[in-house]
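Summary of structural features
Read off the chains here:
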Amino acid sequence: PVNGNGVSIKKDYGVKPAVAANGQAKTLDEMENKWEAFTFAPIRESQVARAMTRRYFADLDYYAESDIVIIGAGSCGLSTAYMLGKQRPDLKIAIVEAGVAPGGGAWLGGQLFSAMVMRKPADVFLNDLGVPYEDEGDFVVVKHAALFTSTLLSRVLAFPNIKLFNATAVEDLITRPAPTAADPHAVRIAGVVTNWTLVSMHHDDQSCMDPNTINAPLVISTTGHDGPFGAFSVKRLVSMQQLEKLGGMRGLDMRTAEDAIVKKTREIVPGLVVGGMELSEVDGANRMGPTFGAMALSGVKAAEEALKVIDE
Ligand code: AHZ
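Residues numbered from 1 in each chain as written. Predicted model: local features only at pLDDT ≥ 70, side-chain atom pairs only at ≥ 80, totals over all residues. Heavy atoms only, no water.

By the naming in an unreviewed UniProt entry, the chain goes by Thiamine thiazole synthase and is assigned to Lophiotrema nucula. The annotation that UniProt attaches to the chain under Subunit (unreviewed entry) is "Homooctamer." (UniProt positions renumbered as here; feature names shortened; annotations may be inferred.)

Considerations on the pattern of salt bridges
Across all of its chains, the model carries 10 salt bridges by this definition. The shortest N-O distance in the salt bridge between Arg-236 and Asp-172 comes to 2.7 Å. Taken together, the residues span a long stretch of sequence, with Arg-236 in helix H6 (residues 232-239) and Asp-172 in strand E7 (residues 168-177) at a distance of 64 residues. Arg-236 sits in the partly exposed class, given a relative accessible area of 26%. Three or more residues are tied together by salt bridges with common partners; here these are Arg-88, Asp-90 and Asp-311. (Salt bridge = Lys/Arg side-chain N within 4 Å of Asp/Glu carboxyl O. Helix = DSSP H or I, 4+ residues; strand = E, 2+ residues; numbered from the N terminus. Buried < 20%, exposed > 50% of the residue type's maximum accessible area, 1.4 Å probe, protein only.)

A look at the site of the ligand
Looking at the ligand, there are 27 residues lining it, with Glu-97, Gly-105, Met-277, Arg-287 and Gly-289 nearest. Ser-75 places a polar main-chain atom, nitrogen or oxygen, 3.3 Å from an oxygen atom of the ligand. Measuring from a nitrogen atom of the ligand, one finds a backbone N or O atom of Val-170 at 2.9 Å. Contact with the protein chains removes 89% of the 790 Å² of surface that the ligand exposes when unbound. Because more than half of its atoms lie within 2 Å of the grid, the ligand is assigned to the largest pocket. If you list the elements that add at least two residues to the shell around the ligand, you get helix H2 (75-87), strand E2 (93-97) and E7. (Near = heavy atom within 4 Å. Polar contact = N/O pair within 3.5 Å; in protein donor to acceptor, adjacent residues only side chain to side chain. Areas by Shrake-Rupley, 256 points an atom, 1.4 Å probe, with all protein chains shown as cover. 1 Å grid on protein atoms, 1.4 Å probe; cavity = no way out; pocket = protein on both sides within 12 Å on 5 of 7 lines; lining within 4 Å. Sits in = over half its atoms within 2 Å of the grid points.)

Notes on the packing of aromatic side chains
All chains considered together, the criterion is met by 10 aromatic pairs. Judged by centre distance (5.5 Å) and plane angle (55°), the ring pair of Trp-35 and Phe-38 falls under tilted. Judged by its relative accessible area of 37%, Phe-38 is partly exposed. Among the aromatic residues, ring-to-ring pairing joins Tyr-56, Phe-57, Tyr-62, Tyr-63, Phe-165 and Trp-196 into one connected group. Taking the ring centre of Tyr-62 as reference, the NZ or CZ of Lys-92 above it sits at 4.0 Å. Across the ring face of Phe-165, the terminal group of Lys-163 is positioned such that the distance to the ring centre comes to 5.4 Å. (Phe/Tyr/Trp six-rings, centres within 6.5 Å; stacked < 30°, edge-to-face > 60°. Lys NZ or Arg CZ within 6 Å of the ring centre and 35° of its normal.)

Side note on a positive patch on the surface
The grouping of Arg-44, Arg-50, Arg-54 and Arg-55 at the surface amounts to a positive patch. Along the chain, Arg-54 turns up in helix H1 (residues 45-63). Judged by its relative accessible area of 56%, Arg-54 is exposed. (Patch = residues over 30% accessible without salt bridge, like charges linked within 9 Å, V, L, I, M, F, W, Y side chains within 5 Å. Lys, Arg positive; Asp, Glu negative; His and termini not counted. Charge placed at Lys NZ, Arg CZ, Asp CG, Glu CD.)

Some thoughts on the sheet that holds strand E1 (residues 68-71)
Strands sit in the order E6-E2-E1-E10-E13-E12 across an open sheet of 6 strands; the sheet is mixed. The open sheet has two edge strands with one neighbour each: strand E6 (162-166) and strand E12 (266-269). In this sheet, adjacent strand axes meet at a mean angle of 25° when their direction is disregarded. Sheet topology places E1 next to strand E10 (residues 218-221); 4 bridges connect them, and they run parallel. Looking across to E10, one finds that Ile-70 is bridged to Ile-220. Sheet contacts for H2: E1, E2, E6 and E10; angle to E1, the most-contacted strand, approximately 155°. Each of E1, E10, E12 and strand E13 (272-274) touches helix H9 (residues 293-310); the most contacted strand, E10, lies at about 165° to it. (Pairing = 2+ DSSP bridges. Axes fitted to C-alpha atoms, helices over the stretch in contact; angles between N-to-C directions. Contact = heavy atoms within 4.5 Å.)

Set out below in structure tokens:
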């Protein structure tokens, strides 16, 4: 075989054909007391390298044109992805998460405590997911926030039409002119600009490290409230003069905050739906602190709003 430049390349590097490992067990029970004879099936390091890189680069290729990009894999972004994955196996959905670990702020309850509180009717989301809880009347309690987040994450990752690109930051939004009578400079959002998060963190001390892109007719931003990475898309909308100014998240009021976030989950500019706590920065909504029902149900609404746009 020859490579793309016509140079001959060595075909193989002595990968042994897979042979059944000595005493290979078919079940865990069969392994019991057989550790003397134990051995894994053979492998060569290049097989591992290729198994990973081939898939990752195929995914980059495939998802370069996506139907929907979700920015942020916190409780709202993952809830959105879960709803979309369930309803629309025909859509190509990419999730771009800046952190190595997806889940955002949903691995613990408040003040690093374990339990996660959800006010009713968000219990219906837990029922759908199959996450158990204790019923306390007007609210329910999941014994550990990580049980909710890990279950949600595992369901989302199992959808064949959803790809999570973690350790990858959205650095900018792709725009196209969409002038209106009221605003001749109006744009619609047409995808995202990405980079490895570790690269994004070093733009100040390394020379230009240009990004990559994903085109999509619809982007859903759920990057949380303002912080080093948070409220990413809405802050960018202000600097590109598509939003006049941010409302600024207000103080904590659980009752007011949760209703407002769910109700206001919407398309903010053409092609960009915003959900979760990022919305509080647009509308000047209160924060709710350690109660997560609004994140799940904002995800449900974000999926609904996104499909209205997609199916238009
Ligand atoms: O890493 C971020 C996190 O996982 C990710 N993210 C932020 N900016 C990004 C960017 N590119 C890629 N530019 C980015 N990923 O977005 C995720 C946001 O998750 P979150 O848990 O912070 O937000 P959420 O809106 O899903 O949930 C908010 C949870 C809160 S905060 C709060 C309060 O303080 O009152 N209350 C609740 C329930």
